[in-house]
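Single-letter residue listing:
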Amino acid sequence: MKNKKFDNKKFKKKDFNKGNKKNFSKDRDFHKDRGFSNDRKREKFVPLGNEEELTFKEITSDLNKKRVQVMGTVGKIVQTKGPTIFVVTDSTGSLSLKGFEKPGDRSYPDINEGDSIKATIEIGEYNGEVEGEIKALSKLTEEEHQKLTKKILEEQKKRAKTQPPEFLIKSKILDNLKSLFIKAAEEIRLAIIQQRPIIVRHHNDTDGYSSGFALERAILPLIEKEQNSEKAGWEFFQRAPCAAPFYEIDDSIRDVAQSLRNEAKFSNKMPLVIIADNGSSPEDLMAIKHAKVHGMDSIVIDHHFSSEDVITKEVLTHINPFLVGDDGSHFSAGMLCTEFARFINPEVKNISQIAGMAGMADRIDLGNPKAVEDYLKIAKKEGYSKELLNDIATVIDFVSAKIRFMEVREYMEVIFGEPREKQKELVSLLAPHIKNLEKKGLAISVANAQQELIKKTTFQTIDIDHTFPGFGFYPKPGMCVGMTHDDLQKTKKTTNLVSAGIMNTAITLRATDQANFSVHDLITLLNKKLPNAFVDGGGHKNAGSITFLPNKKDDVVKILREFIRERSK
Ligand SMILES: [Mn+2]
C-alpha cells in the first residue's frame, strides 16, 4: 500500500545526499510530532555514504560488522517489540533490514510495503540469520522504483528457469507431459523466489501422500535457501491432505481464510496452491474458482480421469495424463510427482523410492506393469524391497485414517525414511498389526458379501451399514470392498467381476476390465434415468464411488444391475 501522506517532492534522495539536516527537519514536520529531535535519532537520517554497494546474494555472515549499501523493494514490514523489520528484495534475493527508533516504535514510518529504498546497513546476525542494521536510508523516486521493479522481475524469472532433467524411466506419456512439467515447475520456482507461500493439498491415501511428500522434498529446501531461514519452511509452506477425494470448497475456504489472515497479520502474499492426486475433476472446480477470487492461484497434478476438462482454464497449469490421451491407469499421481519434483529442484533427495510404492498402491501395476517395475528397480537400488514398500504403504493408509486432515510433517518424514532406522522400526512394529486388522476386515467382508451372476458378470455386494462395527473401524469400508474384490478374483478365479459396497447414501465400486464397466458412464446413466436421486461421484473407470439421496437407494441399485447387464459381454 502506498502512503498517501507521502510527498515525493519533499522527500527526495537528493535531500539526503546533500545532507542538509536543517532543510530536512523543516520539511518533515513529522519529526516534531514524533518527538524526533534528539541527536541520536536524527543520526539515522545521515546521508548515504560512499560504502560499497552489494547485492543481497553477496551479503554473508563473513561480512559481519561491515557497512555496505543495498538497494531493493520492501516486501514486508514487521513491527516487533524492539526494532522494525523491513524485508527487502533485490534481483538476487532478500534480506531483513532492522530499523530502530525506540522499543516497539515504527521506524521510518514513511516507508511502506511496495516502496523501493536505498540504504546503508551494517551487516549483523540475529538468531543465526544474517540481517542488516539500517544506518541511513532513502526512498527511490517513482521512476527509479519502476526501473528496479522491472529489473527484479526479469531476474526472478531468469532464476525461476529450470533445467529439465531426464525422466527416471522411459515413457511416452511423460514425454507428452514434459512441457507442462517445465511450465508448472517454473511457476512454483517463481513463487518461491517471490516469497509467495505454497500450500500442497493432496488426496488422503498412499498415492496422495506420496505425491505430497515428493513435492515437499523438492520445495522446502528451496524456500529455506531462498530466504536463508529454516523457519521460512514453516511460514511459507504447508502440506495437508484433503478430507474428500477432491479439493473441496471446504478445503478452499479454510486455505483462503488462513491465508487472508496471514496477509493481514504478517503481510504475506496470497499463496500458490498445488493440488496433487486430486484437482482434475468437475468436483474440484468450485474450490479452485473460489480460491482464485481471493488471489490464490492453483496448479493441478492429477491422474484421475475426467471426460471433460473444466480445470485447465482456471489454473496456472493443469497436469494430467488424460490431457494427452491416457485414461489415468498408466501413471499414478505419486509417480508423476516423483518425476515432477526433479523439475522443481534438481537436487531433491529421498524421493526415488516413492514412485514404485505409489504405483503399487494405486494398482498401476495392472495398467502399466512395465513402468511400476522400472520404478521398483530404482527403489531397490535405494534399499527398498517391494515388500518393504508395500508395508510402508500399509502404514501410510492406516496413519492417514487416524490423523485425517492434520499436516504431521515430522511424522511423515519418519514414514518416508528420515531417518531410515526409525522408519524400519516403525514399519516393522505397525505393519503386522495393521495386516491383522486388514485380515479381520477381509474376513468380515467375505462372510457378508453376496454374489449373483448377471449375464457373464459376477455382481458382488456388501451391505456396509449393517456389516461393519463403528468407532473408527479400520480398514475403512472402501478398502474392504477393494480387498474382497481382489480376494474373489484370487480364490474363485472370478475375472468378470463388479464389487459394490452399498451404503445408505453412497456406493463404492470396483470392477475388472472384463466387466466392461465405467463409473463415469454409470453416473451419466443414473442421472438420466433417475434425476431425482441427485447422483454425484467420480473416480476411475474401474474404481470409484457415487452418492445419492437415501430414499433412492433401491432404485439406484436396480439401475446399477441393469447397467452391469447391459455392459456384460
Ligand atoms: Mn491416486
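Reading the values: rules and limits
- Residues numbered from 1 in each chain as written.
- Predicted model: local features only at pLDDT ≥ 70, side-chain atom pairs only at ≥ 80, totals over all residues.
- Helix = DSSP H or I, 4+ residues; strand = E, 2+ residues; numbered from the N terminus.
- Contact = placed C-beta atoms within 7 Å.
- Pairing = 2+ DSSP bridges.
- Axes fitted to C-alpha atoms, helices over the stretch in contact; angles between N-to-C directions.
- Parallel < 35°, antiparallel > 145°, perpendicular 65-115°, else oblique.
- Nonpolar A, V, L, I, M, F, W, Y, C, P; charged D, E, K, R; others polar.
- Domains from an automatic or database assignment.
- Left-handed = near helix turned anticlockwise from the far one by under 90°.
- Core = buried A, V, L, I, M, F, W, Y, C linked by C-beta atoms within 7 Å.
- Buried ≥ 20, exposed ≤ 12 C-beta atoms within 10 Å, placed from the backbone.
- Arc of directions from axis to C-beta.

Peer 1: Describe the overall build of the protein, naming the residues involved and giving the relevant values.
Peer 2: Along its length, the protein carries 20 helices and 16 strands. Taking the principal axes of the C-alpha coordinates as reference, the protein spans close to 100 × 50 × 45 Å. Pairs at least 24 residues apart make up 66% of the contacts formed inside the protein by residues separated by at least 6 positions.

Peer 1: Let's hear about the pairing of strand S4 (residues 116-126): which residues, and what values?
Peer 2: In this structure, strand S1 (residues 67-79) lies alongside S4, joined through seven bridges in antiparallel fashion. Bridging across to S4, glutamine 69 finds its partner in threonine 120. Where S4 folds back onto strand S5 (residues 129-139) in an antiparallel hairpin, the turn is made up of two residues, including asparagine 127, whose phi is positive at roughly 50°.

Peer 1: Tell me about the packing of helix H15 (residues 386-403) against helix H17 (residues 420-448), residues and numbers included.
Peer 2: Viewed as axis vectors pointing N to C, H15 and H17 meet at an angle of 70°, and their least axial separation amounts to 9 Å. In terms of orientation, H15 and H17 fall into the roughly perpendicular class. Two secondary-structure elements touch here, H15 through Asp391, Ile392, Thr394, Val395 and Phe398 and H17 through Leu426, Val427, Leu430, Ala431, Ile434 and Lys435. Residue composition of the contact of H15 with H17, grouped by class: eight nonpolar, one polar and two charged.

Peer 1: I'd like a rundown of the domain arrangement of the protein, residues and numbers included.
Peer 2: Along its sequence, the protein is organised into domain 1 (13-155), domain 2 (161-428) and domain 3 (449-567). Centre-to-centre, using C-alpha coordinates, domain 2 lies 29 Å away from domain 3. Facing 10 residues of domain 2, the contacting portion of domain 3 comprises seven residues. Here the side of domain 2 that touches domain 3 is built from residues that sort into three nonpolar, five polar and two charged.

Peer 1: Describe the sheet that holds strand S11 (residues 450-454), with residues and values.
Peer 2: The six strands are arranged S11-S12-S13-S14-S16-S15 in an open sheet whose pairing can be described as mixed. Edge strands, defined here as strands with exactly one partner in the open sheet, are S11 and strand S15 (536-539). Strand-to-strand twist in this sheet, taken as the mean axis angle between neighbours without regard to direction, amounts to 20°. For strand S13 (residues 497-502) and strand S14 (residues 506-511), the ladder comprises five bridges, and the chain directions are antiparallel. Paired with isoleucine 502 across the two strands is isoleucine 507, which belongs to S14. The sheet contacts of helix H19 (residues 519-529) involve S14, S15 and strand S16 (543-547), and relative to S15 the element is tilted by about 165°.

Peer 1: Give a description of the packing of H19 against helix H20 (residues 553-567) that names residues and reports values.
Peer 2: With their axes 10 Å apart at the nearest point, H19 and H20 run at an angle of 125° to one another. Classified by the angle their axes make, H19 and H20 are oblique. Regarding H19 and H20, the two cross each other, and that crossing is right-handed. Judged by residue contacts, Leu522, Leu525, Leu526 and Lys529 of H19 engage Val556, Ile559, Leu560 and Phe563 from H20. Class assignment for the residues of the contact of H19 with H20 results in seven nonpolar, no polar and one charged.

Peer 1: I'd like a description of the nonpolar core, backed by residues and values.
Peer 2: One finds Ile188, Ile198, Ile219, Ile274 and Ile301 to be the most contacted residues of the largest nonpolar core, which totals 77 residues. Setting aside residues up to four positions removed in sequence, isoleucine 198 forms contacts with Ile188, Ala191, Ile219, Phe236, Phe237, Pro271, Leu272 and Ile274. Counting residues in hydrophobic clusters, the runner-up holds 29 residues, among them Ile462, Leu497, Leu522 and Val556.

Peer 1: Tell me what's going on with H19, and back it up with residues and numbers.
Peer 2: For H19, the complete set of buried residues consists of Val519, Leu522 and Leu526. Looking down the long axis of H19, one finds its buried residues gathered within 55° of arc, a one-sided arrangement. Elements that come into contact with the buried residues of H19 comprise S14, S15, S16 and H20.

Peer 1: An account of the sheet that holds strand S2 (residues 84-89) is needed here, citing residue identities and associated values.
Peer 2: Taking strand neighbours around the barrel as the criterion, the five strands line up as S1-S2-S3-S5-S4 in a closed arrangement whose pairing is mixed. Averaged over all adjacent pairs, the angle separating strand axes in this sheet is 55°, with direction ignored. Sheet contacts for helix H5 (residues 142-160): S1, S2 and S4; angle to S1, the most-contacted strand, approximately 85°.

Peer 1: How would you summarise unusual backbone geometry if you had to cite specific residues and measurements?
Peer 2: Here the amide bond leading from glutamate 418 into proline 419 is cis, since omega sits at 5°, within 30 degrees of zero. The residue proline 419 is located in the loop between helix H16 (409-415) and H17 in this model. Residue tyrosine 474 is joined to proline 475 through a cis peptide bond whose omega torsion reads 0°. Mapping proline 475 onto the fold places it in the loop between strand S12 (457-463) and helix H18 (477-491). One non-glycine residue, arginine 363, adopts positive backbone phi at about 55°. Topologically, arginine 363 is positioned in the loop between helix H12 (354-361) and helix H13 (364-367).

Peer 1: I'd like a description of the environment of alanine 287, backed by residues and values.
Peer 2: Within the secondary structure, alanine 287 sits in helix H10 (residues 285-293). For the pair alanine 287 and valine 414, spaced 127 residues apart in sequence, the C-alpha separation works out to 31 Å. When residues no more than four places from it in sequence are discounted, the contact partners of alanine 287 are Tyr247, Glu248, Ile249, Asp251 and Ser252.

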